[in-house]
Amino acid sequence: MRERKKKKNKWLWITLSVIGLLVLGTGGYAFYLYKSASDTVASIQEDLDRDKSEKRTEEIVFEEKDPISILLMGVDEREGDSGRSDSLILMTVNPNTNTTQMVSIPRDTRTEIIGKGKQDKINHAYAFGGTEMAINTVENFLDVPVDYFVKINMESFKDTVDAVGGVEVNNTLNFSYEGYDFTEGMTKLDGKKALAYTRMRYDDPRGDFGRQERQRQVIEAVIKKGANVSSITKFGDMFGVVRDNVKTNLTFDEMWDIQANYKTAAQNLEQFQVEGSGTKIDGIYYYIVPEEKRLALSDQLKEHLEISTNTASTN
């Protein structure tokens, strides 16, 4: 079942916050932070083999407040492993209505893998063809453009949490994972414990949805803690984490333009989850999304992006 709830907060801009763009004016550190942030963004660029999405007829103009979409990809990349997308969240941002929509796509969602010519779990697209194939597959599944992406190595959760001195979250489920015991209530997490907290899903009655909620808890806690960081050493640690674990096709100038023209849209945030159900096919678990649910969600996103709803694709 799709969860829908509206929040008035600004954690949409977690990516920009982690990179440091929300703290550039901090006292006497301003020049250091500006220079470090611009150098960091330059070092994490990953260009796509296209100028714009094929589902876009015109270039985006930030000054005209064209609605945009950003795909957040949490990627599980470990040593000796090609990696796979561990978490996929598509954000659509409409500054004209001052609203933002976030759609969490379950990693086991069965869909066509674009470029592979087969039906498989959506998170396998990254393992098969990296960022390009993952984006193309999400675009096909939802039939909307993916304008920008931010890819975060989930291993960086550990380094990020440690960089801000640990975080505290409100745990809603008793469970044990990777040698750690997590009890209900406020829980303090260091880096390694946070990584375990965000990885467990099989013992969660909500499955992947519960795991994604815990990921959001940690990210939100990191940003709240990071906003109060005043030590230049801590900023250096955070920039280092970003350089090692984040990739994006957003340039430094584009980030500033988004901040200038789109940030009020984060004041009204709606979160959705793709409607479907789990089943096994040939002994393999998949999350199956009924076609009518997929098309309804696609039309909703198109309306929010202010693009035509007459070109829905078929999966």
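Participant: So what about unusual backbone geometry? Which residues, and what values?
Facilitator: The backbone of Lys 65 sits at a positive phi, close to 60°, despite the residue not being glycine. Along the chain, Lys 65 falls in the loop between α2 (30-43) and β2 (68-76).

Participant: Go over the pattern of salt bridges with me, naming the residues and quoting the values.
Facilitator: Under the criterion given, the structure shown has 13 salt bridges. Between Lys 151 and Glu 46 there is a salt bridge; the shortest N-O distance is 3.0 Å. With Lys 151 in strand β7 (residues 148-153) and Glu 46 in the loop between α2 and β2, the pair connects residues that are 105 residues apart, well separated along the chain. When the shortest N-O distance is used, the salt bridge between Arg 294 and Glu 291 registers 2.7 Å. Of this pair, Arg 294 and Glu 291 both sit in helix α9 (residues 291-305), 3 residues apart, which is roughly one turn of that helix. Its relative accessible area of 2% is what places Arg 294 among the buried residues. Judged by relative accessible area, which is 31%, Glu 291 ranks as partly exposed.

Participant: An account of the nonpolar core is needed here, citing residue identities and associated values.
Facilitator: In summary, soluble globular proteins display a tendency toward joint burial of nonpolar side chains. The biggest cluster of nonpolar side chains holds 26 residues, and the ones touching the most others in it are Leu 71, Ile 105, Val 138 and Leu 142. Of all the secondary structure elements, the ones that give two or more residues to this core are β2, β3 (84-94), β4 (99-105), α3 (124-142) and α9. The element that contributes the greatest number of residues to this core is α3, accounting for 6 residues. Residues Val 41, Ile 68, Leu 250 and Ile 258 belong to the second largest nonpolar core, which totals 24 residues.

Participant: Got a sec to walk through helix α5 (residues 191-199)? Specific residues and values, please.
Facilitator: α5 sits mainly inside the fold: 8 of its 9 residues count as buried. By the burial criterion, the buried members of α5 are Gly 191, Lys 193, Ala 194, Leu 195, Ala 196, Tyr 197, Thr 198 and Arg 199.

Participant: Lay out the environment of Phe 149 in plain terms, naming residues and giving numbers.
Facilitator: With respect to the secondary-structure elements, Phe 149 resides in strand β7. Its relative accessible area of 0% is what places Phe 149 among the buried residues. Not counting residues within four places of it along the chain, the set of residues in contact with Phe 149 comprises Glu 46, Leu 48, Leu 71, Thr 131, Ile 135, Lys 247, Thr 248 and Asn 249.

Criteria and thresholds
- Residues numbered from 1 in each chain as written.
- Predicted model: local features only at pLDDT ≥ 70, side-chain atom pairs only at ≥ 80, totals over all residues.
- Heavy atoms only, no water.
- Helix = DSSP H or I, 4+ residues; strand = E, 2+ residues; numbered from the N terminus.
- Salt bridge = Lys/Arg side-chain N within 4 Å of Asp/Glu carboxyl O.
- Buried < 20%, exposed > 50% of the residue type's maximum accessible area, 1.4 Å probe, protein only.
- Core = buried A, V, L, I, M, F, W, Y, C linked by side-chain atoms within 4.5 Å.
- Contact = heavy atoms within 4.5 Å.

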